[in-house]
Each structure stands twice: as C-alpha cells, then as structure tokens.
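# A look at the structure
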Amino acid sequence: MEATTKIKKSVLIRQQKEAAKAQVGGASVAKLQDCPTSPRKMRLVVDLIRGVNVEKALYILKYTNKEAAIRVEKLLLSAIKNWEAKNEGKRVEDSALFVKEVSVGGGRQLKRLRPAPQGRGYRIRKRSNHVTLIVDSKNDNN
C-alpha cells in the first residue's frame, strides 16, 4: 500500500509542476545544471545581479571579469526568452523585468588524485554547481 501512495504522490507532484509550466504569464525560470565551476565562485557572480533590473544585470555580467559571468549571462538571456514565450504580446522593455530569485547549489564532484611526495596521493575535488534563475516583471498588468 505504501508503494501505491508514493506513486500517487509523485503523479500529483508531476501534474502540479506541469500546470505551473503551462500557466500563461507570471515569472519564468531558467536552470543551469552541472556547471563545472565551484559553487563559491559562482555565488560571487550571482550575488551581483540578485534583485537587479534585467538590462542592468546584463551590463554587469558583460563587464564582470570572471568566467562564471559568461555562463550566468547566457542563463539570464535564456530566462528572458522563456519569459517572452510565456507572456506573449508583452514587450520586455515595457514590463520592467528584474531578477527575482537566483540560487546556487552544489552539484556533483569529480574526485581525482594528484601525486604527492613519498608515494602519497592528495585528493582533488573538482566541484560543479546548479544555478536556478527566476525572472519576473515588476508591474503585473494582467
């Protein structure tokens, strides 16, 4: 009986997620999975654009001298395109888009060994991260 209730819950959750995706208007989400940068380095870049107007955020990312900024810029452009697809008939310039939410979580780690003195090996953890970016408009004229 437990298995059937788990299946029912998973089906219900999936239906709720699909309904949220199909909803016309509102915020749009873009995700970047397994980006080969450490989460700490990515958070430095992401903190610059949290809560900022979209145009200003694009300028900030364009002139930030970090490799992670290039990836976040592409992700922001993707979120803007997702918003345009979700809100047909509205223009980005008129709707005052802003970065509503940005979160960085740790992804998987590749574990490698580096040769060390006296036959030892030091472990190297090549980290990756997941970035979720949500874009919304300030003036919600539905």
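Up top you'll find the structure we're talking about.
Source: prediction; values computed, not measured.

The rules behind the values
- Residues numbered from 1 in each chain as written.
- Predicted model: local features only at pLDDT ≥ 70, side-chain atom pairs only at ≥ 80, totals over all residues.
- Heavy atoms only, no water.
- Phe/Tyr/Trp six-rings, centres within 6.5 Å; stacked < 30°, edge-to-face > 60°.
- Lys NZ or Arg CZ within 6 Å of the ring centre and 35° of its normal.
- Core = buried A, V, L, I, M, F, W, Y, C linked by side-chain atoms within 4.5 Å.
- Buried < 20%, exposed > 50% of the residue type's maximum accessible area, 1.4 Å probe, protein only.
- Helix = DSSP H or I, 4+ residues; strand = E, 2+ residues; numbered from the N terminus.
- Contact = heavy atoms within 4.5 Å.
- Pairing = 2+ DSSP bridges.

### Looking at the packing of aromatic side chains
Across all of its chains, the model carries 0 aromatic pairs by this definition. The aromatic ring of Phe98 is capped on one face by Lys138, whose charged end is 5.4 Å from the ring centroid.

### Notes on the nonpolar core
If you look at the biggest cluster of nonpolar residues, it comprises 26 residues, and the most contacted ones within it are Met42, Leu76 and Leu133. Broken down by secondary-structure element, the contributors of at least two residues to this core are β1 (28–35), α2 (39–49), α3 (54–62), α4 (67–86), β2 (97–115) and β3 (121–137). With 8 residues, the top contributor of residues to this core is α4. In contact with Leu133, not counting residues within four places along its chain, are Ser28, Val29, Ala30, Ile49, Leu75, Leu76, Ala79, Val99, Glu101 and Val102.

### Some thoughts on the pairing of β2
Note that β2 and β3 share 16 bridges and pair antiparallel. Bridge pairing in β3 places Phe98 opposite Asp136. A loop of 5 residues connects β2 with β3, the two strands running antiparallel in sequence, and Gln118 in this loop sits at a positive phi of about 60°.

### A closer look at the environment of Asp136
On the secondary structure map, Asp136 appears in strand β3. Sequence separation of Asp136 and Ala79 is 57 residues, and the distance between their C-alpha atoms is 9.5 Å.

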